[in-house]
Amino acid sequence: HHQGREKKSSFAKPHDAQQHDRTPHTAVTMVNFSVSDVRKIMGKPKNIRNMSVIAHVDHGKSTLTDSLVAAAGIIKAEDAGDRRIMDTRQDEQDRTITIKSTGISLHFHMKEEDCPTLPEDCDPDCRDFLFNLIDSPGHVDFSSEVTAALRVTDGGLVVVDCVEGVSVQTETVLRQALSERIKPVVTINKLDRAFLELQLDGEEQYQNYVRIIENANVIISTYNDETLGDVTVSPAAGTVAFSAGLHGWAFTLNKFARMYAKKFGTDAVKMAKRLWGDSYYDAKAKKWTKNSTGADGKALKRAFVQFVLDPIAKVIQLGMNDKIPELEKILKGVGVELSTSDKEKQAKKLMKRAMQLWLPAHEALLEMMVMHLPSPAKAQAYRCATLYTGPLDDKAATSIKKCDPSGPLVLYVSKMVPTSDRGRFYAFGRVFSGTVKTGQKVRILGPNYEMGKKDDLFHKSIQRTVVMMGKNAEPVEDVPAGNTVAMVGIDQYLSKCGTLTDSEETHPLLSMKFSVSPVVRVAVEPKNTSDLPKLVEGLKRLSKSDPLVQCSINESTGEHIIAGAGELHLEICLKDLQEDYMGGTGLRISDPVVSFCETVECESSKMCLSKSPNKHNRLFVKASPLPSELCDEIDKGDVGPKADPKAQARHLAEEYDFDVTEARKIWSFGPDQTGPNIVLDATKGVQYLNEIKDSVVAGFMWVTKEGVLCEEQMRGVCFKIYDVTLHADAIHRGGGQVIPTARRVFYASQMTANPRLMEPIYNVDIMCPQQVIGGVYGCLNQRRGQVVEEIPRPGTPLCNIRAHLPVLESFGFAAHLRSQTGGMAFPQCSFDHWAIVKGDPLEEGTKAREIVLGIRKRKGLSPEDDLPPLDRFLDKM
């Protein structure tokens, strides 16, 4: 009895909770712990766990997080699962999706009987733990939020729906997590669906879970990082939990192993191994076997089914059918008592309560996190190498590795969180070393800061440091290494993310790489011209609040352009801009516009020559295409201006058949020094060549930013300079003479090399039942889509279709697909690659020409209805 009573008292009792609700709101924020408790544990890096919850869209992240928050006493246990406390914004509640990642700090005391052993590296006497938990969105459009969440955490709880299994986005987030060196643990969620909806029998369920875990492990081992060691998950090891977030219950095999260990007279560790895999208990012979038939030839039930799934199924069934006496009898056997108020509940409510009392979700999840996720003290030792840009033996790096609160300050700000005060932001991040204090002076290093230079650097003091609690923030004096923190008063000096340090020797941490790129753009303008300053201010705030969105001004037309990852992402950004950052001012929003690229298909048909305005200098150039693999390497940064020229030349010669001498004389990559275009010097013995190098490169930057077809960026073009004749007198070959010439000759060589237009292509993943596949194919065919593969999901009536769809055709695609399939198909789009649009833009009546002329008209280029003639750029000898 004693145990049952103690368990109940750890929940907030229902009648207290009602009294709380009447008191002013601040009284409820913390119930089972106070800020001073939290601050105490902050100083023990071994007892902290920083983790993010990651998963595919609608697999139950926020719902699962609820049961953890309820266990800390912040919301009532009855509400857990329906409140979704982490979705703080109104539109998140309305659409039932998470849009922004939200952080919360929870403090738990692990009781002896719930968690008999503690991990080796934590304080043996201290059973209090602090969880800094971030709930992240699952939509592919918001995967930049996931990246930001992963940067400041060390462990990831991957949630997988037991019906849908490992989906596309599960794979994307797992890949992101492993590249940041984050240790994953898995929970298989929505078990209530397996029992109630699909009504599978035990063996089928077991096979289904095995398949899910195998799929997850395949992904984990594909992207595995050696320094992490083996991070594959398995229920027997305790790194897989089973949960039902909506009903607030969950279990790990250890939980059941402890229940049965006394009965069978073995220890819990041995028992846990027996509850998974091919092991069967022969009740007649009273022994364990590996065969599914008993001594007397009868078929045996698998241990997992017999000892885990069957009891759960029984409790659920009795609860749903209101059989209270029998239910009480079973629960008494596991040491749980129903109170009188519980007995008045019926059907689903009764079942939910019984399961919550018997297998509370937070116990299973917390035990798994405490035992299997690394503490900051452990994790920073192996994460330091991938984060820190400076030498790995200087003061800051050694302090990061030790997670030392007295070392030099290193703090990474991963995102900006809007405050209740409009237009101001908390800078949310994580202290990797040192201690951040209220009122401390810090050096703020933005993403463009280079060691020893002055740009993107501010010296400012922090006004307040606070701890995030969902939508509320609690002030604390100082925050030591290994914790997440939000800071007030430095939002004006940071654009999206950055590093804070206090000493000059500390190098900045690596900026984040996003797995999606902003390819969809809209132009916005205010309805009243007088609201223009409001718009500019609003755009500044918008670009702070979202890690991915790009706001820019088109120089020639003066339009304000917002670029996002997809339709949904843009829609949310525009809504924020209008309602939160501009106070409801009216906006005119153009149709979404897609960024294209220009490229060439073959080498220029003839040597192109342009003369300078004073006719004294001549440039001879040809253009040729670069292989697409090389463009991808340049995008990733494996090939670029920073690499060692000789090694790079060898790499280019071996992999891509470059001439070694030419590859050594690459003048520049462009646009912006890093883009996937190259200008190189293939001349032999030209005088004064170095003097015009800067001017030619400047012309090249201009051309690659605005190509000849419709002033879109170029991609995959290599310009080779074959010969240059220059005037002997230096004054006649200055920038004013050479830059326009270089621009004209590059344009001419692009025009003669079969110019083509490239469009971005989405990788679309569609989950749908078998019977509506026809509608999906029809919908894709209307929009120039191509199906790549179709995989039926074993054990479910669902099917996975992967297809490539041009971004240009993707607007309204989701709505159209739903109308074609009666709302059964669900698409996920993410940017995949660039592909050449079929047809020659120089020929009449092709799709490519139609797009090019459309863009020229929109941009108001001259001539609007045709491409510029070649002789505008090409000169005669």
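Per-chain numbering applies: the sequence of each chain, read as written, is numbered from 1 onward. It should be noted that, the model being predicted, local features are given only for residues of pLDDT at least 70 and side-chain atom pairs only at 80 or more, the latter also being counted only at that level, while totals for whole chains, interfaces and linings use all residues. Values reported for side chains reflect all heavy atoms of the structure, with hydrogen atoms and water molecules removed beforehand.

A. Fine view of the sheet that holds strand E31 (residues 717–725). In space, the 5 strands of this open sheet follow the order E26-E27-E31-E29-E28, with mixed pairing throughout. The sheet is open, and its two edges are formed by strand E26 (608–611) and strand E28 (666–670), each paired on a single side. Strand-to-strand, the axes of this sheet are offset by a mean angle of 25 degrees, without reference to chain direction. When DSSP finds two or more bridges between a pair of strands, those strands are recorded as paired. Secondary structure elements follow DSSP: runs of H or I of four or more residues count as helices, runs of E of two or more count as strands, with numbering from the N terminus. Sheet topology note: the E26/strand E27 (residues 618–625) ladder contains 4 bridges and is antiparallel. The residue of E27 that forms the bridge with lysine 611 is arginine 618. This element, helix H24 (residues 689–705), spans E27, E28, strand E29 (677–681) and E31 of the sheet and lies at about 20 degrees to E28. Throughout, an axis means a line fitted to C-alpha atoms (over the contacting stretch in the case of helices), and angles, computed between N-to-C directions, take values from 0 to 180 degrees. Contacts were defined at the residue level, with two residues in contact if any of their heavy atoms lie within 4.5 Å.

B. Region of the structure containing the packing of helix H4 (residues 61–71) against helix H16 (residues 361–372). Where H4 meets H16, the closest approach of the two axes is 9 Å, and the angle between their N-to-C directions is 95 degrees. In terms of their interaxial angle, H4 and H16 are classed as roughly perpendicular. Where H4 approaches H16, its residues Leu64, Ser67, Leu68 and Ala71 are matched on the opposing element by Ala361, His362, Leu365, Leu366 and Met369. When residues are grouped by polarity, Ala, Val, Leu, Ile, Met, Phe, Trp, Tyr, Cys and Pro land in nonpolar, Asp, Glu, Lys and Arg in charged, and all others, Gly among them, in polar. Partitioned by chemical class, the residues of the contact of H4 with H16 number 7 nonpolar, 2 polar and no charged. Angle categories: roughly parallel below 35 degrees, roughly antiparallel above 145, roughly perpendicular from 65 to 115, and oblique for all the rest.

C. Structural view of helix H13 (residues 324–333). Burial in H13 covers these residues: Ile324, Leu327 and Leu331. End-on view of H13: buried residues confined to an arc of 60 degrees, all on one side of the axis. Away from its buried face by more than 90 degrees, H13 exposes Pro325, Lys329, Lys332 and Gly333. Next to the buried residues of H13 lie helix H12 (303–320), helix H14 (340–343) and helix H15 (347–358). With its phi angle positive at about 80 degrees, glycine 335 sits one or two positions after the end of H13. Between buried and exposed lies partly exposed: a residue is buried under 20% and exposed over 50% of the maximum accessible area for its type, with that area taken using a 1.4 Å probe on protein chains only. In this description, one arc is meant: the one made by directions from the helix axis to the C-beta atoms.

D. Structural view of the nonpolar core. Met487, Ile562, Phe719, Phe746 and Ile766 are the most contacted members of the largest nonpolar core, which totals 125 residues. Residues in contact with phenylalanine 719, not counting those within four places in the same chain, are Val621, Lys622, Ala623, Ile678, Val679, Leu680, Phe700, Val703, Met714, Phe746 and Ser749. Among buried residues, the Ala, Val, Leu, Ile, Met, Phe, Trp, Tyr and Cys ones that are joined through side-chain atoms within 4.5 Å form a nonpolar core.

E. How the structure looks around the pattern of salt bridges. In the sections that follow, a salt bridge refers to a side-chain nitrogen of Lys or Arg positioned within 4 Å of a carboxyl oxygen of Asp or Glu. Under the definition given, this model contains 27 salt bridges. Among the ionic pairs, arginine 715 bridges to aspartate 632, the shortest N-O distance being 3.4 Å. Pair noted here: arginine 715 is in the loop between strand E30 (713–714) and E31 and aspartate 632 is in helix H21 (residues 628–636), with a separation of 83 residues, a long-range link. Note on aspartate 632: relative accessible area 40%, which makes it partly exposed. With a closest N to O distance of 2.8 Å, aspartate 866 and arginine 849 form a salt bridge. Of this pair, aspartate 866 sits in the segment after helix H28 (847–859) while arginine 849 sits in helix H28, and the two are 17 residues apart along the sequence. Judged by its relative accessible area of 6%, arginine 849 is buried.

F. The packing of helix H7 (residues 168–179) against helix H9 (residues 202–222), seen in detail. Two elements in contact, H7 and H9, have axes whose closest approach is 9 Å; the angle formed by their N-to-C orientations is 40 degrees. Relative to H9, H7 is oriented oblique. Note that H7 runs across H9; the crossing there is right-handed. Every residue of H9 that contacts H7 at Glu171, Leu174 and Leu178 is listed here: Ala216, Ile219 and Ile220. Partitioned by chemical class, the residues of the contact of H7 with H9 number 5 nonpolar, no polar and 1 charged. Each crossing gets its handedness from the near helix: less than a right angle anticlockwise from the far helix is left-handed, clockwise is right-handed.

G. Spotlight on the pairing of E26. Every second residue of E26 is oriented toward a common face, with Cys608 and Ser610 on one face and Leu609 and Lys611 on the other, all of them buried. What sits between E26 and E27 in their antiparallel hairpin is a turn of 6 residues, with lysine 615 showing a positive phi close to 60 degrees.

H. Focus on the confidence of the model for the chain. Per-residue confidence from the predictor is reported as pLDDT, which spans 0 to 100. With 92% of its residues at a pLDDT of 70 or more, the chain has an overall mean of 80. Segment residues 1–30: pLDDT under 50, and 24 contacts once partners within four positions in sequence are set aside and those in other chains are kept.

I. Here's a closer look at the state of the cysteines. Disulfides are defined in this document as cysteine sulfur pairs within 2.5 Å. The final tally for this structure, using the stated rule, is 0 disulfides. Left without a disulfide partner, cysteine 384 is nearest to the cysteine sulfur of cysteine 403, which lies 11 Å away. Residue classification places cysteine 384 among the buried residues on the basis of a relative accessible area of 1%. Free cysteine cysteine 799: the closest other cysteine sulfur is in cysteine 768, separated by 5.6 Å. Given a relative accessible area of 1%, cysteine 799 falls into the buried group.

J. Local environment of unusual backbone geometry. The phi dihedral of cysteine 403 is positive, around 60 degrees, even though this residue is not glycine. Mapped onto the secondary structure, cysteine 403 falls in the loop between helix H18 (395–402) and strand E10 (410–418).

K. Representation of the packing of aromatic side chains within the structure. Here a Phe, Tyr or Trp ring, Trp counted by its six-membered ring, pairs with any other such ring whose centre lies within 6.5 Å, and the pair is stacked when the planes are under 30 degrees apart, edge-to-face when over 60, and tilted otherwise. This structure, assessed with the given rule, holds 17 aromatic pairs. A ring pair is formed by phenylalanine 256 and tryptophan 358, whose centres lie 5.9 Å apart and whose planes are at 80 degrees; its orientation type is edge-to-face. Within this pair, whereas phenylalanine 256 is found in helix H10 (residues 253–264), its partner tryptophan 358 is found in helix H15, the two being separated by 102 residues in sequence. This pair shows no difference in class: phenylalanine 256 is buried, exactly as tryptophan 358 is.

L. Region of the structure containing the side chain of histidine 247. The residue histidine 247 is located in the loop between strand E6 (240–244) and strand E7 (249–251) in this model. Here histidine 247 falls in the buried class, since its relative accessible area comes to 4%. Setting aside chain neighbours within four positions, we find histidine 247 in contact with Asp192, Leu196, Lys348, Met351, Lys352 and Gln356.

M. Inspection of the pairing of strand E32 (residues 755–769) at higher detail. Counting buried positions along E32 gives 15 out of 15 residues, so the element sits mostly inside the fold. Bridge count for E32 against strand E35 (residues 826–836) is 10 bridges, and the pairing is antiparallel. Looking across to E35, one finds that aspartate 765 is bridged to glutamine 828. In terms of strand pairing, E32 meets strand E34 (residues 798–806) through 9 bridges, oriented antiparallel. Paired with isoleucine 761 across the strands is proline 806, a residue of E34.

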